[in-house]
Amino acid sequence: MNQKPLIYDLTLEQISSLLQDWGEPSFRAGQIWHGLYRQLASSLEAITSLPVSLRSRLMASYRFQSLKPKAIAHSQDRLSEKVLFELPDGHAVEAVLMRYERRRTICISTQVGCAMECVFCATGQMGFKRHLSSGEIVEQALYFARKLSEEQDHLTNIVFMGMGEPFHNYDASLAAVDRLNDHQGFCFGARRITLSTVGLVPEIERFTQEKRQVNLAISLHAATNELRSRLLPINRRYPLEVLIPACRKYVEITGRRIIFEWAMMKDINDGRDQANALADLINGLNCHVNLIPLNPTPKFIQKAASRIRIEAFVRILEDRGISCTIRLRRGIDIQAGCGQLAIKNNAGNDISS
Ligand code: SAH
């Protein structure tokens, strides 16, 4: 498909040099940037500071939208909403907005599908289709930022925990972080952005060296190789004796706390043995553990751990001095929970328009 390039794929520097090539004054780049990322203009016409001739030239050369919201599902309490975005090539991705007290958190996708094949994850079950570009990642955030601004509200947190593995699409994911964080543009605080990885060690090492302010979460889910390799096949390539030292190094070099994600699965990883093994594994590490009751997905019929088992697990961790939180399952009625984002055969079939 011969598509015009997407304007959100460009950095401010790239827009500046483009305008220079076009013989435009340099301040025009700032006006475009301001229009796109401060004013949150959804079309070029809305950036009225630009002369009509420049707007038409831009319009002829660039696309200003690649994601079309195709269907929206609201949770019963109306606090969560999941949006299915259609891409120009017919693929689709999902993103979720969760309102909780003063928080307005969005969970965005970095790939169509995922290559990591975690057995309990709906996206893993659908396989890998393609990477998203940085602009396609950024556009998800802009969509919700516009929506909230219409309600005189604003985004407070962005988590890269939608479809896909951010570290398998490292450059685009981090370029999206940079664009969202850009101080002349969207200016979203790096500390309110969280990247979540299945545990790709070379990329964790790269991320460590970049010493960013962005939060890092590791999807751990098991504290022994035997169990983790069954649940997350990537563990065969980067087993715990490689992954955990990489996490320790991250904390040591960046001085930042690391987050571990643990989906609580009944009779699989919710027992004393795993809790103790986990406590041994991350002993002395500056970290926080998020315990999330497993969300149901089509090809993984196991159940979420019971509240009693989760609380017993928490007690073991806390007795060992490990901070942890039991996460609520938001948006579960619209399949908007962790790992539930996957699209049935025909885009839009599974959620109401
Ligand atoms: N690829 C990234 C982001 C994916 S989803 C990663 O693996 O971290 C974000 C989180 O949801 C991950 O921790 C993932 O393991 C978790 N998750 C996936 N499927 C789930 C499910 N069915 N129930 C609960 N959590 C799930």
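Draft legend 1. The overall build of the chain, seen in detail. Helix and strand counts for the chain come out as 11 helices and 12 strands. What you see for the chain is a C-alpha radius of gyration of 21 Å, in line with the 20 Å of a compact globule of 353 residues. Sequence separation of 24 or more characterises 67% of the internal contacts of the chain that already satisfy a separation of 6 or more. Here the chain has roughly 15,800 Å² of accessible surface; of this, 48% comes from carbon and sulfur atoms.

Draft legend 2. Here's a closer look at unusual backbone geometry. For leucine 40, which is not a glycine, the phi torsion comes out positive at approximately 60°. Position of leucine 40 among the secondary structure elements: in the loop between helix H2 (27-37) and helix H3 (52-61). Here the phi dihedral of cysteine 187 falls at roughly 55°; this positive angle occurs in a residue that is not glycine. By the secondary structure assignment, cysteine 187 is in the loop between helix H6 (170-181) and strand S8 (193-197).

Draft legend 3. Up close: the sheet that holds strand S12 (residues 323-326). Read from one edge to the other, the open sheet built from 10 strands follows the order S1-S2-S3-S4-S7-S8-S9-S10-S11-S12, with strand pairing classed as mixed. At either margin of the open sheet sits one strand with a lone partner, and together these are strand S1 (68-74) and S12. With direction set aside, neighbouring strand axes in the sheet form an average angle of 20°. Note that strand S4 (residues 103-107) and strand S7 (residues 157-160) share 3 bridges and pair parallel. Pairing of isoleucine 106 across the sheet is with isoleucine 158, part of S7. Lying on the sheet, H6 is in contact with S7 and S8; it crosses S7 at an angle near 175°.

Draft legend 4. Here's a closer look at the nonpolar core. By size, the foremost hydrophobic cluster in this structure holds 124 residues, and its most contacted members are Leu58, Ile158, Phe160, Phe186, Ile258, Phe260 and Val289. Sorting elements by how many residues they give to this core places helix H5 (residues 134-150) first, with 8 residues. Counting only domains with at least three residues in this core, you end up with domain 1 (7-61) and domain 2 (68-334). Non-local contacts of phenylalanine 186, meaning those with residues more than four positions away in its chain, are made with Tyr37, Leu40, Leu142, Ala145, Leu155, Ile158, Arg179 and Leu180.

Draft legend 5. Spatial organisation of the site of the ligand. In the vicinity of the ligand lie 19 residues, with Glu165, Ser196, Ser219, His221 and Asn295 positioned nearest. Contacts to the ligand include glutamate 165, whose side-chain N or O atom sits 2.9 Å from a nitrogen atom. Isolated, the ligand exposes 530 Å² of accessible area, and the fraction of that covered by the protein chains is 97%. Those elements giving two or more residues to the shell around the ligand turn out to be S8 and strand S10 (258-264).

Draft legend 6. Fine view of the domain arrangement of the chain. You can read the domains of the chain as domain 1 (7-61) and domain 2 (68-334). In this structure, domain 1 and domain 2 have C-alpha centres spaced 33 Å apart. Counting residues at the interface gives 12 residues for domain 1, matched by 17 residues for domain 2. The largest per-residue losses of area from domain 1 upon contact with domain 2 belong to Tyr8, Tyr37 and Leu40, which jointly make up 48% of the total buried on that side.

Scoring rules and cut-offs
Throughout this description, residue numbers start from 1 for each chain and increase along the sequence as written. Predicted model: local features are reported for residues with pLDDT of at least 70 only, side-chain atom pairs are reported and counted for 80 or more only, and whole-chain, interface and lining totals are derived from all residues. Remark: hydrogens and water are excluded; side-chain values derive from all non-hydrogen atoms of the structure. Numbered from the N terminus, helices here are DSSP runs of H or I no shorter than four residues, and strands are runs of E no shorter than two. To get the radius of gyration, use the C-alpha atoms; to get the globule rule, take the number of residues to the power 0.38 and multiply by 2.2 Å. Residue contacts follow a heavy-atom distance rule, with two residues in contact if any of their heavy atoms lie within 4.5 Å. Surface accessibility follows the Shrake-Rupley procedure with a 1.4 Å probe radius. Residue values consider only the protein chains on display as shielding. By definition, two strands form a pair when at least two bridges between them are found by DSSP. Simply put, an axis is a line fit to the C-alpha atoms, just over the touching stretch for a helix, and the angle between two N-to-C directions goes from 0 to 180 degrees. Nine residue types can take part in a nonpolar core, namely buried Ala, Val, Leu, Ile, Met, Phe, Trp, Tyr and Cys, and a core is a set of them joined through side-chain atoms within 4.5 Å. Exposure categories follow from relative accessible area, calculated using a 1.4 Å probe and restricted to protein chains: below 20% of the type maximum is buried, above 50% is exposed, and the middle band is partly exposed. As annotated, the domain borders come from an automatic or database domain assignment. Being near a molecule or strand, for a residue, comes down to having at least one heavy atom within 4 Å of it. What qualifies as a polar contact is a pair of N or O atoms within 3.5 Å, subject to a donor-acceptor requirement within protein and to the restriction that residues adjacent in sequence count only when both atoms come from side chains. Once two parts are put together, the accessible area they lose, assessed with a 1.4 Å probe and summed over both, is termed the buried area.

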